[in-house]
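Per-entry structural report
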Amino acid sequence: MVRSPLRALIRHPYALAAVLVVLTAAAGYAARNVRFDFTPQALFASGDDAVAFSEEVKSTFSYEDSRLMVVFESLGERDVLDATLLEWQHAAAARLAQIPHVQRIDAIATLRVPQLDLANGLDFQPQPILRDLPMTREDEESVRRMIDRSKMIEGSLISRDRRVGAMYVVFDPATRDIASMQQLVESVRKSIGDQPPPEDYRVRYSGLPGVRVAIVNDLMADQAFLFPLAGVVFLVLIGAVFRNVWGVVVPIAAVLVGLTWTIGIVAATGEPFNIVTNVLPILILIIGVSNSIHFVVRYLEESAAHPGDSRQAAWKTLSHMLVPCLLTLITSALGFVSLVTARSRVLQMFGWHAAIGMACLYLSVLATFAVLLPYWKLRRGSAAARESGLPWVGRMAASLGDRAAQYPGTVLIGGLLLCAACAMTSRHLQVNSSITETYGPDHPQTQTVRLVEESLGGVLPLEVVLSSKHPGEFFNPQLYARVAQFGDYIRKQPEVTSSQSYVDLFQEVYANFRRDQSLRNELPGDDEEGRRRIEQTANQANRAREAVQPHLFLTDDATRARVLVRVKDVGTRRTLDLIHRAEFKLAELFPPGCGVTPRLTGDAWLNAVAMDGFVRDLFSSLATAAGSVFVLIAVLFLSPRVGLIAALPNIAPFAITLGYMGFRGYDLNAGNVAVFSISLGLTVDNSIHFLSRFREEFRSGLSLSEAIRTTYLGSGRAMVVSTLLQAAGLVVLLWSNFVPTQRFAELMCVTMAGTMLGDLVLLPACVALFWKDRGGKAAPVSTTLETAPLAARMSA
C-alpha cells in the first residue's frame, strides 16, 4: 500500500528536494522571531488568579520587576557618599533619564528629602539633597547628615557601612518582555560604560531585570556556542562510525531540517521558549539522531542484500522503516500530548510543541532520506556495508540479548531490585530552585546577587497585601500596631534581608517632622489622639509625595496596604517555609472577622509556589504520559503483552536517574526534571524500533531466540550506536557556563546508561518471558541459533 508513494518519492528527488528547501527556508525565516520568557509567572496554571493578583498589586503599588539596579561598590578608601561619586551619579542619572521608556531614576544624587519650610508655616516640603554642583566639603557633610536621618534609605540605596550604593532605573512596565528589557539594559550599560564612575569604584547590574537579562543573554550565547559544537562532535563521530561522507550528511541534514521546522512553527505561533521548552531543540536533536541512525543501519543491511543497487536499497530501507518510525512518532507524540492535562500552561504548550516536533522530525527524516539515500553508493558493495557502522556493536548487543533471554526470570528480578534500590535512594529528593543555581559560586552574577543581599536588601520581593473595605481603615492605631508587629517579626526571620511598610515610612516622617529621631520607635497610642497623629503624618507624607512616595505602601483611600519584604536567594524550599511561617503569623494578627484580609504575592512567592507546583505537576503529567505510551504500544501492536513487555525497560532509566540524583544530593527543579521528558521520548523510540524489527523477524519464521538475535544484529546495533553518539555529543554541554546545563548533560548520560540497560538486558528478558511463541506460550531459548539470510549477510 505504501510502495507506490515511496517509489514516487525516490524517482522524483529534485521535486521533493525543492519542497524541502522551500519549507525549510520559510521555517528559518519564521525562526528569526523566536522569543524567550523565563519569568516565574509562566509556570502557573492556566486561569490561575495568582498572576492576575500579582499584576493588580504591581499596578496599584510598584512594578518591582521593572526596576534595574545599578550597583556601585567602593574598592578604595573613599565610600559611596564621596563628592566625586555623588557628582558622577547626578550626571549619570541625567543621561539615563533621556533613554526612551525610562520613567524615573532613584538614587542618592536625585533624592529629595522632606524638610520643614519655615517660610510657609511649618510646611513639610521635599528638598533636593544635591543643591549646588560642584560639591564642596560642606555639601558632602550635609548629605551625610541627611542620609543618617533617613533610615529607610539604608539597605536600599546605600549600605549601612556606606561602601555599596545603588541607582534604580525604573522602566515603563509595558517593556517587561525580555526583548524590550534586553534593549533597555544594554542602553543603560552603554550609557554608563561611555562615562564610567571615578577610579576605585566598580559598577554591577542586578535587580530582577538585570538578573533575567543576564541569564537570557548568557543562555543564548551558550547555545550559540555549545549547540553547534555538539553538532560538530556528532559529525565527527558519525563519520568515524560509518566512514562515509553520506553517512554523515544524510542524518545531520534530516535532523537539522526537522529542527528548523519545529523552531519555525513555535516562533510563528508567538509562543516563547521558557525554562521547559528550552530543552525542545535538544529533544529534537537526540530523538532525530536516534531515528536517523536506525535508517542508516538499515540501509547498510539492505545495501549488503542488494550490492550495487542503491535505489533498490533505499526503497527497501524506506519501506521497512516507514511503519516503525510512524509508530515511534504516534506513541511519542501522543505521550507528549497527554501533558495537556497538566495545570501549567507551560507544560501544556510543551506537550503540543514536542508533539509537533515529533511530526516534523518524522516527515523531515523520511523526506531527506528519500532524497539523499539513492546517491549514497557503497562502491565496495556488500563488504562495505558489512564493515560500516561498527558491526561488532551489533554482535555485542546480540550476545547480551542472548544471555538475558536465557535467564529472563533472574534478569527481571535483578531489574526490579535495582529499581527498588534507586527508589530508596531518591526518597529524600526535594523540589528546590534558586536564581544563583544558574551559575557557579564564583560567577560574577552570583557574587552580585550575594552583595545586594548583604548590603542593599536583596533582589527577590515577597509582598504582603492587606485589604479592607473601609476607607481610612489603616489609620486605626490597632491595625497600625499590628502591621508594625508583623514587620518586627518578619525582619527576624533568617531568610529575610529587609522589610518596609507604611508604618516604617510614617514613623520616619513623624520623627523628621518633630526633629527627634528617638520618636522613630514610638508608636501612636490606641485612642483618638493616636489616630489623629497617623492621619496628620499621612497628610505630611502626601505633601512630600514625590520624595517620600507613600503610594508605594498605602493607597490614597487607605483601604490597601503593602508590606515589602525582601528575601535571600535561599531556594524555593526555604522560601516556602518562610511563606508558611508568614501566613501563620498573619492569620494570628489579622484573624477572620477583623476587617482586614492578608494575602501574599511578589516574585519570591510566585517563584517558590509556581516551581513547587510545576515540578509536581510535571511528574504527575509524565507518569500519565508514560502510562499512555504503554497503552498505545499495546494498542498499536494489538497485544497487551507488548505493552507489558515495554513497561519495565522504559521505567528503569527513570528510576536509575532518580536514584543517581538522590546519591549526588541534587534537588528537583525545572532544569533537571526536563531530563525525564527527553528520556520518555528516547527510550520509547528504541523499544518500538526493537519490537517492530523483532516482530518482523519473528513473522518471517524465525524462532523467538533467533528473532531476538537477528533484531540485535540490526536494530540493536542502531540503538547502541545512536545512544553512544548522543552521550558523546552531550558531554560537550559539561563545558557550559550554566550549572543547570551541566547537570542536564550529566543526568542525560546517566539516563542513557539506564536506557542501554533497559534495551540490551531487560527488554530481551521481557520478550523471552512474556512474548507468546507460535505454540501459544513462551518457548525456551536455545543456545544454538540459526541465522536468517539477511542476518547471515550482515554478520558473516
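First, a word on what this report is: a plain description of the structure on this page. (Residues numbered from 1 in each chain as written. Predicted model: local features only at pLDDT ≥ 70, side-chain atom pairs only at ≥ 80, totals over all residues. Heavy atoms only, no water.)

Description of the overall build of the chain
Counting secondary structure elements, the chain contains 26 helices and ten strands. The proportion of buried residues among the 796 residues of the chain is 59%. Residue pairs at least 24 apart in sequence account for 81% of intrachain contacts in the chain once pairs closer than 6 positions are excluded. (Helix = DSSP H or I, 4+ residues; strand = E, 2+ residues; numbered from the N terminus. Buried < 20%, exposed > 50% of the residue type's maximum accessible area, 1.4 Å probe, protein only. Contact = heavy atoms within 4.5 Å.)

Considerations on the packing of aromatic side chains
Using the criterion set out here, one finds ten aromatic pairs in the structure. Each ring, one from Phe 72 and one from Trp 88, has its centre 6.3 Å from the other, and the planes form 85 degrees; the classification is edge-to-face. Pair noted here: Phe 72 is in strand 1 (residues 67–74) and Trp 88 is in helix 4 (residues 83–96), with a separation of 16 residues, a long-range link. Judged by relative accessible area, which is 8%, Trp 88 ranks as buried. The interplanar angle of 80 degrees and the centroid separation of 6.3 Å between the aromatic rings of Phe 698 and Trp 771 together place this pair among those described as edge-to-face. Separated by 73 residues along the polypeptide, Phe 698 in helix 23 (residues 670–699) and Trp 771 in the loop between helix 25 (739–770) and helix 26 (789–795) bring together distant segments of the chain. The exposure class assigned to Trp 771 is buried, which follows from its relative accessible area of 10%. A connected cluster of aromatic rings, assembled from ring pairs, spans Phe 690, Phe 694, Phe 698, Tyr 712 and Trp 771. A cation over a ring is seen here: Arg 67 above Tyr 168, with NZ or CZ 4.3 Å from the ring centre. (Phe/Tyr/Trp six-rings, centres within 6.5 Å; stacked < 30°, edge-to-face > 60°. Lys NZ or Arg CZ within 6 Å of the ring centre and 35° of its normal.)

Examining the packing of helix 4 against helix 6 (residues 178–194)
Running from N to C, helix 4 and helix 6 point in directions that differ by 140 degrees, and their axes come no closer than 10 Å. Taken together, the axes of helix 4 and helix 6 are oblique relative to one another. For the pair helix 4 and helix 6, the crossing hand works out as right-handed. Judged by residue contacts, Trp 88, Arg 95 and Leu 96 of helix 4 engage Val 188, Ser 191 and Ile 192 from helix 6. Partitioning the contact of helix 4 with helix 6 into residue classes produces four nonpolar, one polar and one charged. (Axes fitted to C-alpha atoms, helices over the stretch in contact; angles between N-to-C directions. Parallel < 35°, antiparallel > 145°, perpendicular 65-115°, else oblique. Left-handed = near helix turned anticlockwise from the far one by under 90°. Nonpolar A, V, L, I, M, F, W, Y, C, P; charged D, E, K, R; others polar.)

Some points on helix 7 (residues 207–242)
The terminal C-alpha atoms of helix 7 lie 51 Å apart, and with 36 residues this matches the ideal 52 Å at 1.5 Å per residue to within 8%. Remark: Arg 243 follows helix 7 within two positions and exhibits a positive phi of approximately 50 degrees. (Expected span 1.5 Å × (residues − 1).)

Thoughts on the packing of helix 14 (residues 408–425) against helix 22 (residues 640–664)
Axis separation between helix 14 and helix 22 bottoms out at 7 Å; the angle between their running directions is 35 degrees. The handedness of the crossing between helix 14 and helix 22 is left-handed. Along its contact with helix 14, which presents Leu 412, Leu 416, Leu 418, Cys 419, Cys 422 and Thr 425, the element helix 22 presents Leu 648, Ala 652, Ala 655, Ile 656, Gly 659, Gly 662 and Phe 663. Residues of the contact of helix 14 with helix 22, tallied by class, amount to ten nonpolar, three polar and no charged.

Some details on the nonpolar core
Grouped together as the largest cluster of nonpolar side chains are 246 residues, with contacts concentrated most on Met 167, Val 188, Tyr 502, Phe 506 and Leu 691. For Met 167, the residues in contact, after removing those within four places along its chain, are Leu 68, Met 69, Val 70, Phe 72, Trp 88, Gln 89, Ala 92, Ala 93, Leu 96, Ile 105, Asp 106 and Ala 107. (Core = buried A, V, L, I, M, F, W, Y, C linked by side-chain atoms within 4.5 Å.)

A few points about helix 4
If you check helix 4, its first and last C-alpha atoms are 20 Å apart, about what 14 residues at 1.5 Å a residue would give, namely 20 Å. Of all the residues in helix 4, the buried ones are Ala 83, Leu 85, Leu 86, Trp 88, Gln 89, Ala 92, Ala 93 and Leu 96. For helix 4, the elements touching its buried residues are strand 1, strand 2 (102–106), helix 5 (137–149), strand 5 (164–171), helix 6 and strand 6 (201–206).

Points about the pattern of salt bridges
Between side chains of opposite charge, pairing is possible as soon as their charged atoms come close. According to the stated counting rule, one finds 39 salt bridges in the structure shown. One salt-bridge network, held together by shared partners, links Glu 64, Arg 67, Arg 104, Asp 106, Glu 463, Arg 562 and Arg 566. (Salt bridge = Lys/Arg side-chain N within 4 Å of Asp/Glu carboxyl O.)

Re unusual backbone geometry
Although it is not a glycine, Gln 549 sits at a positive phi angle of roughly 55 degrees. Along the chain, Gln 549 falls in the loop between helix 19 (545–548) and strand 9 (560–567). In this structure, Ala 558 is a non-glycine residue whose phi angle is positive, near 55 degrees. Structurally, Ala 558 can be placed in the loop between helix 19 and strand 9.

What to know about the environment of Leu 632
Relative to the assigned elements, Leu 632 resides in helix 21 (residues 603–636). A sequence separation of ten residues divides Leu 632 from Val 642, and the C-alpha atoms of the two residues are 10.0 Å apart. In this structure Leu 632 touches Ile 330, Thr 331 and Leu 334, once residues within four positions along its chain are discounted.

Focus on the sheet that holds strand 7 (residues 460–467)
Within a sheet, neighbouring strands are paired by backbone hydrogen bonds and run either parallel or antiparallel to one another. Taken in spatial order, the four strands make up an open sheet running 8-9-7-10, and their pairing is antiparallel. Edge strands, defined here as strands with exactly one partner in the open sheet, are strand 8 (496–500) and strand 10 (597–601). The sheet shows a mean angle of 20 degrees between the axes of neighbouring strands, taken without regard to direction. The strands touched by helix 3 (residues 49–60) within the sheet are strand 7, strand 9 and strand 10, with strand 10 carrying the most contacts at an inclination of about 100 degrees. (Pairing = 2+ DSSP bridges.)

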